[in-house]
Number of protein chains: 2
Amino acid sequence: MRTTADRDRLPKQDRSRVTRQRLLEAAVACLAEHGWAGSTVAVVAERAGVSRGAAQHHFPTREDLFTAAVEYVAEERSSALRALFPKGAAGDRRAVVTALVDLYTGPLFRAALQLWVAASNEDQLRGRVTELEARVGRETHRIAVDLLGADESRPGARETVQGLLDMARGLGLANVLTDDTARRERVVAQWAELVDGALG
Amino acid sequence: MRTTADRDRLPKQDRSRVTRQRLLEAAVACLAEHGWAGSTVAVVAERAGVSRGAAQHHFPTREDLFTAAVEYVAEERSSALRALFPKGAAGDRRAVVTALVDLYTGPLFRAALQLWVAASNEDQLRGRVTELEARVGRETHRIAVDLLGADESRPGARETVQGLLDMARGLGLANVLTDDTARRERVVAQWAELVDGALG
């Protein structure tokens, strides 16, 4: 992350973009650590080293800030994941399965989970988070299909990939309260084999 | 659920047990609908038609009430699941997989999810919920192994069952904001076949 001093040396338009990114990254970190109830625009602005006025200029409401934050970080992760495997699985589906599961075990998943659960109780959030999750879900599915080299015209291939992503989400949830790494690695190894066999 | 009038005709010890059950069931429903922030002992007592004093006699703290509630309902579900398949899978693993996944799509899962996420931000809850989840997780795994007739001495069998339960948890999460039934049924059909093949 850039420092405030770095930012001040940039042209105005770039400064604005950097400020926006700092806010989005701080929002995800805040949501992951403190949950929805503990995450306000003021707390995020302070964490990002940005004035509250500047934060509100970029994001008029709390809902704007946090849904934009989860979407931004999800897109960054997707790009990073594609970049990891520029040629697709290329015979190493286990590595792809491991990388896909990793999407669900970091701060982004924690933040998204907090937003998801808050949306189940708050009408103002519900519509936006539902739409966001559908968009992120479709994109993750597309990446998984590409990287695994899955032929979705084959019966069951689509559902195999979907079930794998559902499992990854469940593994993410299992990792929220305790470090589940050792168990997860064994499960991933076995399911990578099952997925590999099923996709042919 | 029994009515207050029914309860008043019971001997004192039974009345106490019935009151306790009403509180536990009301607590799970409340947690599923309103989340942790909206779930207090007073709200649950009112919903159960029990005085606040009586509620506090049974459960001195909010943490006592809600962790006991999730545990109680999880045990009820486990018993119901075992009762559904008195002879195990008996060749119908798909029905067992469907029933296992169903454990994660109702109000119990919603309630447990709310408690889980609250525990990730609240130190008072964390230890208790972690312990509760470990206990419920072990019991669910045991039931799944029995009902699926899995031989855990075979390499990969244990991880196949664990991954299936992780997938079920992920499917539960996907069902929190929207009705995911149609997609879920297709995923379950495909993975029931893969699990059946893997368990031999």
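Just so you know, these numbers come straight off a predicted model, no measurement behind them. (Residues numbered from 1 in each chain as written. Chains lettered and ligands numbered in written order. Predicted model: local features only at pLDDT ≥ 70, side-chain atom pairs only at ≥ 80, totals over all residues. Heavy atoms only, no water.)

### Brief notes about the UniProt feature "DNA-binding region" (unreviewed entry) in chain A
Link 1 in the chain: Taking the UniProt record as the reference, the feature "DNA-binding region" (unreviewed entry) is found at residues 40-59 of chain A.
Link 2 in the chain: In residues 40-59 of chain A, the share of helix is 75% and the share of strand is 0%. The end C-alpha atoms are 12 Å apart. (UniProt positions renumbered as here; feature names shortened; annotations may be inferred. Helix = DSSP H or I, 4+ residues; strand = E, 2+ residues; numbered from the N terminus.)

### Considering the packing of helix H5 (residues 62-84) of chain B against helix H8 (residues 123-148) of chain B
Residues and elements named next belong to chain B.
Link 1 in the chain: Remark: H5 packs on H8, axes separated minimally by 11 Å, with the N-to-C direction vectors making an angle of 0 degrees. By the angle between their axes, H5 is roughly parallel relative to H8. In this structure, H5 contributes Glu63, Asp64, Thr67, Val70, Glu71, Ala74, Ser78, Leu81 and Arg82 to the contact, and H8 contributes Gln124, Leu125, Arg128, Val129, Leu132, Arg135, Val136, Glu139, Arg142, Ile143, Asp146 and Leu147.
Link 2 in the chain: Here the residues of the contact of H5 with H8 are counted per class, giving nine nonpolar, three polar and nine charged. (Axes fitted to C-alpha atoms, helices over the stretch in contact; angles between N-to-C directions. Parallel < 35°, antiparallel > 145°, perpendicular 65-115°, else oblique. Contact = heavy atoms within 4.5 Å. Nonpolar A, V, L, I, M, F, W, Y, C, P; charged D, E, K, R; others polar.)

### Brief notes about helix H6 (residues 93-102) of chain B
Link 1 in the chain: Every buried residue belonging to H6 of chain B is among Arg93, Val96, Val97, Ala99, Leu100 and Val101 of chain B, and all of these are buried.
Link 2 in the chain: Where H6 of chain B is buried, its residues contact H5, H8, helix H9 (157-174) and helix H10 (181-199) of chain B. (Buried < 20%, exposed > 50% of the residue type's maximum accessible area, 1.4 Å probe, protein only.)

### Some points on the UniProt feature "domain: HTH tetR-type" (unreviewed entry) in chain A
Link 1 in the chain: Mapped onto the present numbering, the UniProt feature "domain: HTH tetR-type" (unreviewed entry) falls on residues 17-77 of chain A.
Link 2 in the chain: Between the C-alpha atoms that bound residues 17-77 of chain A the distance is 18 Å, and the span itself is 80% helix and 0% strand.

### Observations regarding the pattern of salt bridges
All names here are of chain A.
Link 1 in the chain: For the structure shown, the criterion picks out 26 salt bridges over all chains.
Link 2 in the chain: Note that Arg135 is salt-bridged to Glu131, the shortest N-O span being 2.7 Å. Taken as a pair, Arg135 and Glu131 lie in helix H8 (residues 123-148) at a separation of four residues, close to a single helical turn.
Link 3 in the chain: Arg135 gets classed as partly exposed once you look at its relative accessible area, which sits at 31%.
Link 4 in the chain: Accessibility expressed as a relative area gives 49% for Glu131, which makes it partly exposed.
Link 5 in the chain: One salt bridge in this structure joins Arg169 and Asp166, with 2.7 Å as the shortest N-O distance. Of the two residues, Arg169 and Asp166 are both situated in helix H9 (residues 157-174); the distance of three residues between them amounts to about one turn of the helix.
Link 6 in the chain: On the basis of relative accessibility, which here comes to 12%, the residue Arg169 falls in the buried class.
Link 7 in the chain: Asp166 sits in the buried class, given a relative accessible area of 0%. (Salt bridge = Lys/Arg side-chain N within 4 Å of Asp/Glu carboxyl O.)

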